Amino acid sequence: MVKATWLITGASSGLGFALAEHVLARGDAVTLAARSTGAMSVLAGSYPDTAHVVTLDVTDAGQRERAINETERRFGAIDILVNNAGIDFLGAIEEQREQDYRQTFKVNFFAAIALLRAVLPRMRRRGSGMIANMSSMDGVTSLAANGFYSSSKFALEGATEALWQEIEPFGLHAMLIEPGSFRTGIETRPHFSGDTIEAYVATSGAFRLAMETNSDAMFPGDPALAAAAIYTALKSDSPPHRLILGSDAHQRIGVKLHSLQIEFEAGRDVAYSTDIAGHVSAAS
């Protein structure tokens, strides 16, 4: 396979770190970017010719531009951007603090959009490149207590779906990665936002409790195996638009699709009844 240059955000831990490790082991060049550089620097020390570490708070415009420029100076063009950096706060919609849910969108959506918009002109001029946006099973199907995180990922899904329609005609690609729950360390440090409200004890409260007393069964995914699957998909000659990772993700998304199909079919007559009289649908 042709060697490529990757820029991976959120590469200090979790899926980002596992992916960087996998990519480097296969000979590609990687800029590992995150706010904390300790673990990344250790990994990069084993690959002095192909690994570069940058400090990156994805919400900082200057640091985003510096990460891109340093990658291009060190390795040339960026072939694959992986928008992996993300944060999550748990709590009911009414419970969460405004500063926390705004930060969720700032990191998970707006920063990812800013990064891909920064690299797209360069990719477009070359006529090649891949944008990989790390979504989640929660970007397809939401849960009580995780509404704002899901909303940020729903937004990323919508933007990415439009993006691949816009850029594929000139040789670029975009992909959504939709992982389930992986044992990345996040399971041991859930972030809660706001004070609990008694009324939600049976809904969002149940999810909070599950996270506080988490078991391995809630996190079936192996980051190393996910990294291998992501690498294969992104280096494919025919990359998919969506990559679902983990049995829990496949099951939850399947339940959502089934439920949506039932409601979709049940609502057909109502949908068509609201058209102007005599209108003939192009889809008919």
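Quick note: structure is the one above.
Residues numbered from 1 in each chain as written. Predicted model: local features only at pLDDT ≥ 70, side-chain atom pairs only at ≥ 80, totals over all residues. Heavy atoms only, no water.

Glancing now at the pairing of strand S3 (residues 51–55). For strand S2 (residues 29–34) and S3, the ladder comprises 5 bridges, and the chain directions are parallel. Across the sheet, residue Ala33 finds its bridge partner in S3, namely Val54. Between S2 and its parallel partner S3, the chain crosses via helix H2 (residues 38–45), and the hand of that crossover is right-handed. (Pairing = 2+ DSSP bridges. Helix = DSSP H or I, 4+ residues; strand = E, 2+ residues; numbered from the N terminus. Right-handed = clockwise from strand over helix to strand, strands pointing away.)

The next subject is the nonpolar core. The biggest cluster of nonpolar side chains holds 33 residues, and the ones touching the most others in it are Trp6, Leu32 and Leu234. Residues contacting Trp6, with those up to four places away along its chain left out, are Leu19, Val23, Asp28, Ala29, Val30, Thr31, Ile80, Val82, Tyr231, Leu234 and Lys235. One finds Ala85, Val107, Phe109 and Ile113 within the second-largest nonpolar core, a separate group that totals 29 residues. (Core = buried A, V, L, I, M, F, W, Y, C linked by side-chain atoms within 4.5 Å. Buried < 20%, exposed > 50% of the residue type's maximum accessible area, 1.4 Å probe, protein only. Contact = heavy atoms within 4.5 Å.)

Attention now goes to the pairing of strand S5 (residues 129–134). Along any regular strand, the residues point their side chains to alternate faces of the sheet. Where burial is concerned, most of S5 is hidden: 6 out of the 6 residues are buried. As paired elements, strand S4 (residues 80–83) and S5 share 4 bridges and run parallel to each other. Among the inter-strand pairings, Asn83 is bridged to a residue of S5, identified as Asn133. In terms of strand pairing, S5 meets strand S6 (residues 172–179) through 6 bridges, oriented parallel. The partner of Asn133 across the bridge, within S6, is Leu176. Read from S5 through helix H5 (residues 147–167) to S6, the crossover connection turns out right-handed.

Another aspect to go through is the side chain of Asn83. Inspection of the secondary structure assignment puts Asn83 in strand S4. By relative accessible area, Asn83 is classed as buried at 4%. A polar side-chain atom of Asn83 sits 3.0 Å from a polar atom in the side chain of Asn133. In contact with Asn83, other than residues within four places in its own chain, are Thr9, Ala112, Leu115, Leu116, Ala132, Asn133 and Met134. (Polar contact = N/O pair within 3.5 Å; in protein donor to acceptor, adjacent residues only side chain to side chain.)

On to the environment of Leu243. Tracing the chain through its elements places Leu243 in strand S7 (residues 242–245). When its relative accessible area of 14% is taken as the criterion, Leu243 is described as buried. In the structure, Leu243 is positioned 33 residues away from Ala210 in sequence and 27 Å away in space, judged by C-alpha atoms. For Leu243, the residues in contact, after removing those within four places along its chain, are Met175, Leu176, Ile177, Glu178, Ala229, Ile230 and Ala233.

Bringing the pattern of salt bridges into the picture now. Under the definition given, this model contains 10 salt bridges. Ionic pairing is found between Asp138 and Arg252, a salt bridge with its closest N-O pair at 3.0 Å. A residue pair is termed long-range when its members are at least 10 positions apart, and Asp138 in the loop between S5 and H5 and Arg252 in helix H8 (residues 247–266) qualify at 114 residues. Three or more residues joined by partner-sharing salt bridges are found here, namely Glu157, Glu161, Glu178 and Arg242. (Salt bridge = Lys/Arg side-chain N within 4 Å of Asp/Glu carboxyl O.)

Now for the side chain of Asn84. Within the element layout of this structure, Asn84 appears in the loop between S4 and helix H4 (98–126). Taking the relative accessible area as the measure of exposure, Asn84 reaches 13% and is therefore buried. Looking at Asn84, its side chain comes within polar contact range of the main-chain oxygen of Gly10, at 3.0 Å.

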